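Each chain, letter by letter, is given below.
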Amino acid sequence: MKKTLFLIFIATIIFSSSILADFDASKAYSWLTSKSSEGNFNSQIIDTSLAILALDKANVMSEVDKSIEYLSSQENAQNCFPKSTCKVKDTALAFIAFNTATYDTSNIESWFKNAQSSANLNGKWLLQVITTGSGTCNVKYIKNQQELEKQIKVEEGKFPECGGTTFYDINLCLEKNIINANPSLTLEVDCSSLSSSSTISLLYQEGNNYYLTHEASGPVSMVTISNGCFGQSYRSSCDYDSTLYAAWALKQINSNIDTSFYLTQNYRSNNPLHSSINYLITQKQSYLDDLIKLQKTDGSFDNDVYATSFAILVLTDSTEQEKLAEAVDWLKKQQKDDGSFNTVSNTAIALYALPDVSITGYCGDDICGIDEDETLCPEDCGGDICDFDLNCETDLGENYDNCPSDCLSPSTICDFDFKCDFGENYDNCPSDCEETTEEEPITTECSDEIDNDGDGLVDLDDPGCDYSGDDDETDEEETAEETEEGTIPDSEPERKKFPWWIIIILILFIGGIFYYYYAFKKPKEKKKKPIFQTNQFGQLAPLKKPTEQKKRKLSLFKSKPKPTTTFQKRSSKIDQELDKSIKEAKKLLKK
């Protein structure tokens, strides 16, 4: 039991020491930038795109520009990525990276519009015109880049040429399989020739369920059939994850390419990534509610860095701040000793998602720090770091050697900080120092030829004078005597705060060692024999060691047998009688 307590004690000390190691964002950024090779990360579009999101957040634009240049080199003539295989998810994340870094994405949007596939859902798309009048509605649409038009008869809301019901089956009555062949088909419905007002609606029917996807009052309405989806590649069969990332990318520029119906119909509420990205696209509360239900007791989502990072993106702007804190706490604890979250994509999305992260002082931040040099961090301390802004930014590593356009030569030490520093004057630094007129030389105690301290010595002959400009002729011994008499120095150097937490841990550790020694190692003391006994009068008296004569008497007394009392004799006779009775009873039982 004692050993168990001791182990728990030591484990507590180790744990208390480990929790002092907080999340280090600078270390994570240093690790991330170290994985860059001329702007590309693992030669992967996804890794590079996610890294751009993190680096742009840190405002490391030199690294962002390199990565954007790499992405541009991987774009093919059709504006998708990578140019060799052309994947939807890769193109979507590259789209997000370009948009975040404020680069033009119009060409990529055009590629998405052409890359859609039809969802081929099992239901029907139905047009409804609610009216009491009769007449025709003109329907215009584009097929194969050509505008087509068709007239539809309407009689009090019914379609006599399409089954005579109030629902017009577009895929059957407008043109056979027109929806299946044209994802995100847009119809211009003009019912202005009807004799009364109308409401134009679009519904999706699946079995006995009807979903209203569009409704507008008035004679004219633009109706978009949201049957589009995206496959893993150009116009391939629908893939949910590819569609999800494409929709997230297109949402950032408010594109009218709509795949929401396919995403809704195939949504899995037990997938935190589905819930997170769908919420980022639609801002619907139902997706947020589903996401919160999926959070584990440790604060994570699926115990996964990538999924938890996306959940944090959602929770950051929500009212669920307690849930956010739990997720952030879990995510920070997943940081490895090298600063990473194990992979480039995980590290990048974690840095992009984590709120209120301090992100300065790392290799790649465009500042040559104290612990950096041209060998350890050439991107900050080496190469061409001059930005030609006529401002000598010494904190960014600029000097006369690497940036003569901004920094003056060492002989001219003006730092343009609007302060007239030591060595600066109006001649070499007019921006910082004012022009002054010649003044009479200043006389000090050590150059006035007067015995100011009355010790019989004058000026530089006095040991109290260090140089002619010294204005205090008092000897050091005299100053020391004044201090002893009670003169308090004007100021004391600022003391650094002592790290008391180190002392606390050392005390706990030393205490554990003492506890272990006294619990297991120290020999136990033998119990002492009592030194008192009760005498014949019932009183406590010192216990005396018996003499040799008394020891003999005691041994003789012990060797004599005790006399048998009458009570004992009676007891033995009774026992004999009982034994005899038991024997007779056994004999009777055998018979």
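For the structure, check the block above.
Notes on the structure in this doc start here. (Residues numbered from 1 in each chain as written. Predicted model: local features only at pLDDT ≥ 70, side-chain atom pairs only at ≥ 80, totals over all residues. Heavy atoms only, no water.)

Across its full length, the protein chain carries 20 helices and 14 strands. A burial count over the protein chain gives 37% of its 591 residues as buried. Long-range pairs, those at least 24 residues apart, make up 55% of the contacts in the protein chain with a sequence separation of at least 6. (Helix = DSSP H or I, 4+ residues; strand = E, 2+ residues; numbered from the N terminus. Buried < 20%, exposed > 50% of the residue type's maximum accessible area, 1.4 Å probe, protein only. Contact = heavy atoms within 4.5 Å.)

Glycine aside, a negative phi is what most residues show, and trans is what most peptide bonds show. In the segment running from Phe-81 into Pro-82, the intervening peptide bond is cis, with an omega of -20 degrees. As for its placement among the helices and strands, Pro-82 is situated in the loop between helix 4 (61–73) and helix 5 (88–100). Phi at Thr-102 takes a positive value of approximately 60 degrees, unusual for a residue other than glycine. With relative accessibility at 71%, the residue Thr-102 sits in the exposed group. With a phi close to 55 degrees, Asn-144 is a non-glycine residue in the positive phi region. Here Asn-144 lies in the loop between strand 5 (134–143) and strand 6 (146–155).

Quick look at the sheet that holds strand 6 now. With antiparallel pairing, the four strands of this open sheet are ordered in space as 6-5-8-11. Here the strands that pair on one side only, and so sit at the sheet edges, are strand 6 and strand 11 (220–225). Averaged over neighbouring strand pairs, the angle between their axes works out to 25 degrees when direction is ignored. Examined bridge by bridge, strand 8 (residues 185–190) and strand 11 share six bridges and lie antiparallel to one another. Among the inter-strand pairings, Val-189 is bridged to a residue of strand 11, identified as Ser-221. (Pairing = 2+ DSSP bridges. Axes fitted to C-alpha atoms, helices over the stretch in contact; angles between N-to-C directions.)

Attention now moves to the packing of helix 9 (residues 240–251) against helix 11 (residues 272–282). Two elements in contact, helix 9 and helix 11, have axes whose closest approach is 9 Å; the angle formed by their N-to-C orientations is 25 degrees. Judged on the interaxial angle alone, helix 11 and helix 9 are roughly parallel. Note that helix 9 runs across helix 11; the crossing there is left-handed. Every residue of helix 11 that contacts helix 9 at Tyr-240, Asp-241, Leu-244, Tyr-245, Ala-247, Trp-248 and Lys-251 is listed here: Leu-273, His-274, Ile-277, Asn-278, Leu-280 and Ile-281. (Parallel < 35°, antiparallel > 145°, perpendicular 65-115°, else oblique. Left-handed = near helix turned anticlockwise from the far one by under 90°.)

As paired elements, strand 5 and strand 6 share 10 bridges and run antiparallel to each other. Opposite Lys-140, over in strand 6, you have Glu-149 as the bridge partner.

The element helix 2 (residues 25–34) is largely enclosed, with a buried count of seven among its 10 residues. Among the residues of helix 2, those classed as buried are Ala-25, Ser-26, Ala-28, Tyr-29, Trp-31, Leu-32 and Thr-33. Structurally, the start of helix 2 carries an N-cap: the backbone nitrogen of Ser-26 is 3.1 Å from a side-chain oxygen of Asp-24. (Polar contact = N/O pair within 3.5 Å; in protein donor to acceptor, adjacent residues only side chain to side chain.)

Throughout the structure, instances matching the rule amount to five disulfides. Paired through a disulfide, Cys-80 and Cys-86 show a sulfur-sulfur distance of 1.8 Å. Residues Cys-80 and Cys-86 share a disulfide whose torsion about the S-S bond is about -135 degrees; that sign makes it left-handed. On the basis of relative accessible area, Cys-80 is assigned to the buried category, the value being 0%. On the basis of relative accessible area, Cys-86 is assigned to the buried category, the value being 13%. A disulfide bridge connects Cys-420 with Cys-433, and the sulfur atoms are separated by 1.9 Å. (Disulfide = S-S within 2.5 Å.)

Taken together, the four strands give an open sheet; going across it, the order is 7-4-9-10, and neighbouring strands pair in antiparallel fashion. Unpaired on one side and paired on the other, strand 7 (168–169) and strand 10 (209–217) mark the two borders of the sheet. Here strand 4 (residues 124–131) pairs with strand 7 via two bridges, running antiparallel. Across the sheet, the residue bridging to Leu-126 is Asp-169, located in strand 7.

Next up on the list: the packing of aromatic side chains. Counted according to the given criterion, the structure contains 18 aromatic pairs. For the ring pair Phe-23 and Phe-341, a centre distance of 6.2 Å and an interplane angle of 45 degrees mean the geometry is tilted. One end of the pair, Phe-23, is in the loop between helix 1 (2–18) and helix 2; the other, Phe-341, is in the loop between helix 14 (321–333) and helix 15 (344–353), with 318 residues separating them in the sequence. Neither Phe-23 nor Phe-341 differs from the other in exposure class; each is buried. Grouping aromatic residues by their ring pairs yields a cluster made of Phe-95, Trp-111, Phe-112, Phe-230 and Tyr-234. (Phe/Tyr/Trp six-rings, centres within 6.5 Å; stacked < 30°, edge-to-face > 60°.)

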